[in-house]
Amino acid sequence: MKLHENGVYLLNGTEVIEDNPSAAACLASKGASADQAAARKGTMAYRILEEHNTSGNMEKLEIRFDKLTSHDITFVGIIQTARASGLEKFPIPYVLTNCHNSLCAVGGTINEDDHMFGLSAAKKYGGVYVPPHQAVIHQYAREMLAGGGKMILGSDSHTRYGALGTMAMGEGGPELVKQLLCQTYDINMPEVIAVHMTGAPVKGVGPQDVALAIIGAVFKNGYVNNKVMEFVGPGVASLSADFRIGVDVMTTETTCLSSIWVTDEKIREFYEIHGRAGDYKELKPEPVAYYDGCIELDLSEIRPMIAMPFHPSNTYTIAEVKENLTDILADVEKNALVSLGGAVDYKLKDKVRNGKLYVDQGIIAGCAGGGFENICAAADILEGRSIGPDEFTLSVYPASMPIWMELVRNGVAAKIMETGAVMKTAFCGPCFGAGDTPGNNGFSIRHSTRNFPNREGSKLQNGQIASVALMDARSIAATAANKGYLTAADEIDVEYTGPKYFFDKKIYENRVFDSKGIPDPDTEIKLGPNIKDWPVMSALPEHMILKVVSEIHDPVTTTDELIPSGETSSYRSNPLKLAEFALSRKDPAYVGRAKEVQKAQKAIEAGTSPADALPELKPVLEAIRGQFSDVTEGTYGVGSTIFAVKPGDGSAREQAASCQKVLGGWANIANEYATKRYRSNLINWGMLPFLIPEGDLPFANGDYLFVPGIRSAVEKKETRIPAYVIRNGALEGFNLTIGELTDDEREIILKGCLINYNRR
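Definitions and limits used
- Residues numbered from 1 in each chain as written.
- Predicted model: local features only at pLDDT ≥ 70, side-chain atom pairs only at ≥ 80, totals over all residues.
- Heavy atoms only, no water.
- Helix = DSSP H or I, 4+ residues; strand = E, 2+ residues; numbered from the N terminus.
- Rg over C-alpha atoms; globule rule 2.2 N^0.38 Å.
- Buried < 20%, exposed > 50% of the residue type's maximum accessible area, 1.4 Å probe, protein only.
- Contact = heavy atoms within 4.5 Å.
- Lys, Arg positive; Asp, Glu negative; His and termini not counted.
- Charge placed at Lys NZ, Arg CZ, Asp CG, Glu CD.
- Axes fitted to C-alpha atoms, helices over the stretch in contact; angles between N-to-C directions.
- Parallel < 35°, antiparallel > 145°, perpendicular 65-115°, else oblique.
- Nonpolar A, V, L, I, M, F, W, Y, C, P; charged D, E, K, R; others polar.
- Salt bridge = Lys/Arg side-chain N within 4 Å of Asp/Glu carboxyl O.
- Pairing = 2+ DSSP bridges.
- Core = buried A, V, L, I, M, F, W, Y, C linked by side-chain atoms within 4.5 Å.
- Phe/Tyr/Trp six-rings, centres within 6.5 Å; stacked < 30°, edge-to-face > 60°.
- Lys NZ or Arg CZ within 6 Å of the ring centre and 35° of its normal.

Trainee: What am I meant to see in the overall build of the protein here?
Mentor: Looking only at helices and strands, one finds 29 helices and 34 strands in the protein. A compact globule built from 760 residues should have a C-alpha radius of gyration of about 27 Å, and the protein, at 26 Å, falls within 12% of that. For the protein, the spread of C-alpha atoms along the three principal axes comes to 80 × 65 × 60 Å. Taking all 760 residues of the protein together, the buried fraction comes to 63%. Contacts spanning at least 24 positions in sequence make up 75% of the contacts within the protein whose residues lie at least 6 apart. Side chains of the protein carry 76 positive and 95 negative charges; the gap between the two charge centres is 3 Å.

Trainee: I would appreciate a short explanation of the packing of helix α7 (residues 173-180) against helix α26 (residues 676-684) in the present structure.
Mentor: The packing of two helices is summarised by the inter-axis angle and the distance between the axes. Following both chains from N to C, one finds α7 and α26 inclined at 65 degrees, their axes separated by 8 Å at the closest point. It follows from the interaxial angle that α7 and α26 lie roughly perpendicular. In this structure, α7 uses Pro174, Glu175 and Lys178 to contact α26, whose residues at the interface are Ser680, Asn681 and Asn684. Of the residues that constitute the contact of α7 with α26, the class distribution is one nonpolar, three polar and two charged.

Trainee: For this particular structure, what's the right way to read the pattern of salt bridges?
Mentor: One pass over the structure, following the stated rule, counts 40 salt bridges. Where Glu491 meets Lys322, a salt bridge forms, and the shortest distance between an N and an O atom there is 2.8 Å. Note that Glu491 is positioned in the loop between α18 (473-481) and α19 (506-511) and Lys322 in helix α11 (residues 318-323), a separation of 169 residues in sequence. A relative accessible area of 43% means that Glu491 is categorised as partly exposed.

Trainee: Quick question: what am I supposed to make of the sheet that holds strand β7 (residues 128-130) here?
Mentor: As a general point, the strands of a sheet are linked pairwise by backbone hydrogen bonds and lie either parallel or antiparallel. An order of β9-β8-β5-β6-β7-β25 is seen for the six strands of this open sheet, with the pairing classed as mixed. The sheet is open, and its two borders are formed by β9 (167-170) and β25 (513-514), each paired with just one other strand.

Trainee: Looking at this model, I keep getting lost on the pairing of strand β3 (residues 15-18). Mind explaining?
Mentor: Regular strands place side chains that alternate from one sheet face to the opposite one. Where strand β2 (residues 8-11) and β3 come together, four bridges link them in antiparallel fashion. Within β3, the position partnered with Tyr9 by the bridge is Ile17.

Trainee: In this structure, what is going on with the pairing of strand β21 (residues 393-396)? I would like to understand it.
Mentor: Summarising the sheet, strand β20 (residues 361-364) and β21 pair through four bridges and their orientation is parallel. When the sheet's bridge partners are listed, Ile363 is paired in β21 with Ser395. In terms of strand pairing, β21 meets strand β22 (residues 422-423) through two bridges, oriented parallel. Note that in β22 the partner of Val396 across the bridge is Met423.

Trainee: So what exactly am I meant to see when it comes to the nonpolar core here?
Mentor: If you look at soluble globular proteins, the nonpolar side chains tend to sit buried side by side. Core analysis: the largest hydrophobic core is formed by 174 residues, its most contacted members being Tyr94, Met197, Val210 and Met308. Core analysis: the next-biggest nonpolar cluster, separate from the first, contains 49 residues, Ile552, Leu578, Leu617 and Tyr704 among them.

Trainee: So what exactly am I meant to see when it comes to the packing of aromatic side chains here?
Mentor: For any pair of aromatic rings, the description rests on two quantities: the centre-to-centre distance and the angle between the ring planes. Under the defined criterion, the tally for this structure stands at 20 aromatic pairs. Ring centres 5.0 Å apart and planes at 65 degrees place the aromatic pair Tyr140 and Tyr508 in the edge-to-face group. Pair noted here: Tyr140 is in helix α6 (residues 137-144) and Tyr508 is in helix α19, with a separation of 368 residues, a long-range link. An angle of 50 degrees between the planes, with centres 5.9 Å apart, marks the rings of Phe699 and Phe734 as tilted. Linking Phe699 in the loop between β31 (688-691) and β32 (704-707) with Phe734 in strand β34 (residues 730-737), this pair joins segments that are 35 residues apart in sequence. The residues Phe699 and Phe734 share a single accessibility class, namely buried. One aromatic cluster is present, built from ring pairs that chain together Phe90, Tyr94 and Tyr125. The ring of Phe513 is capped by Lys123, whose NZ or CZ atom sits 5.9 Å from the centre of that ring. The ring of Tyr358 carries Arg353 above its face, with NZ or CZ at 3.9 Å from the centroid.

Trainee: For this particular structure, what's the right way to read the sheet that holds strand β15 (residues 293-298)?
Mentor: Read from one edge to the other, the open sheet built from five strands follows the order β1-β15-β11-β12-β13, with strand pairing classed as mixed. Two strands in the sheet have a free side with no partner beyond their single neighbour: β1 (2-3) and β13 (258-261). Bridging between strand β12 (residues 228-232) and β13 involves four bridges; their strand directions are parallel. Residue pairing for β13: Phe231 is matched across the bridge by Trp261. Of the strands in this sheet, β11 (192-198), β12 and β13 touch helix α3 (residues 44-52), which is tilted by about 125 degrees from β12.

Take it as geometry only, folks, not as evidence of what the structure does.
Structural data, given as structure tokens:
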């Protein structure tokens, strides 16, 4: 794999020409022009964005999407927010799937209450409702929503349908609210990175192997961060539709903004199989296209991969792990001291038996692993074998009921179950820590999307720890065939049968509610007792007093650490209840500290003395007023902030920001934001996305900060923000920056949140 340091020209979709002093002559010799501005318009991404941009300015995009999709830990909050802003009907197709809280196993009736909320909302506002166990969100979107040249916005971070010619993006819920209110998704024109594929995968290599190889090469250096990945080159033709889909969904883990692929007869066939031939569109770059970077990937060089705990970028070939087992396991244990903060005694070397790595569990599931071809390939490896009667277990979750049905009809399901493995219904739980949790110190291998800490369901705060490595379904099956001992698929002698897929649409016709876009205003929304409105949020005051209530120095902080996944998702419809879990796995004292500071702001809002509610504020105010006499009652607010080096990797979940806001948070301070979507979530919840230079930290946890004139600074579009840390009765100055904000984003922050911005 090669990452180009410069931009490249792609000639006729196949030839990569580096943008260097000799590029013009090289292109001229082939009858092409080196006009970079014109060639930038030759990418597939440019054309799709241009068709959906409403601003008239391709440098400042204002995007309207064709369709929206959400699942059951996001759609309640989205619709509640939109209702508070005057929602009357869904202006574009909006699909509500139920694939995260499907089991209804935690919290009594609250999960099914959310589902019934979704069904009633689909009826009232004219949407589509997919009941639990029918399909995971992204498989339903592939089967029923995607279309060539279209754009889809989803509230799940793995909203990626580029392999089908659909540019899709996963964002926090407020961005979907904007679309429901006929507003736009506003971004600068993103850079576009070519992924130029050549060759073909060798036997035993699957889509997860290719995806992990790419993630390992680009995550840490940020090569595609907030950019569009455009898959091109002759190697694409060697990949089936399912294979491309399996690579594409994992592009989220590179932190790219979106993805798009060339389309061909294999993608046309995919649409035909699903009864939607008219949604196919041929996509390819123009004869000369310019890319801001290029990943050259020879598919024939990829070997079965594994992403060791605790990140999808922690990649090795399985052969490397087996050859250097002790050293690699020791490195994982060492890194765990940082990831887990020393909270538990994490061991992995004790999984070595007779020089081999033994795993406790295998799972093939969800939007990444639960595809038809993955499961059929796993069955070919497992046929006639047994997973054994020891600790090792294997669970397989087809990504949709139509896939499940075809596996029953063609006999694949029987082959898998005969081995001792278990077949289950469509469910996202194993991907976010709400299903198949291993025992303490268990080690699971999964064809799913993430392996962050606690993504397997253990609870660090309760002294429990297990961990996940990501692998392809084929190598998971090979390991299962070897009764739990780590084995790569290319070590197994097998002939892959490659059965043809037949899609049965009757399953959806008989069970999915589809309003056909026609709302029924008389439908009453069903509100369970756990479904609560958002609390009132104040507008940004002129001056801001912030207390630092958490300080995180990990290289990257994930949204799972900011607000845990797993069973906490049951409370996503109750902002106050969910907020109790904020940072619970990273900094258990955070919630108490934030709520203590919030007393002062609540006193301000009630018209009483904030210093009486929070006595430690008295000397802080005295110090501030000694230098800023205009800081009088009614001109300032009090809130909390956290510092993290690089927060926001991982999920699109808005609650990573909204829970901080509900607890009185007014800002984050970071060296860098890991993803565009996390920064957007902060802004949409009225929080200031401050930045500070790396290595320059003039404050510590527990310090009070003063940001004078912050409201005026936002109004005047200032990006450099003077601030002070208050110590020993004195003010010590330092500078914050806030980065670029659109006019709408500035107004949202000034109003206090998106709800206030839109409220009628």
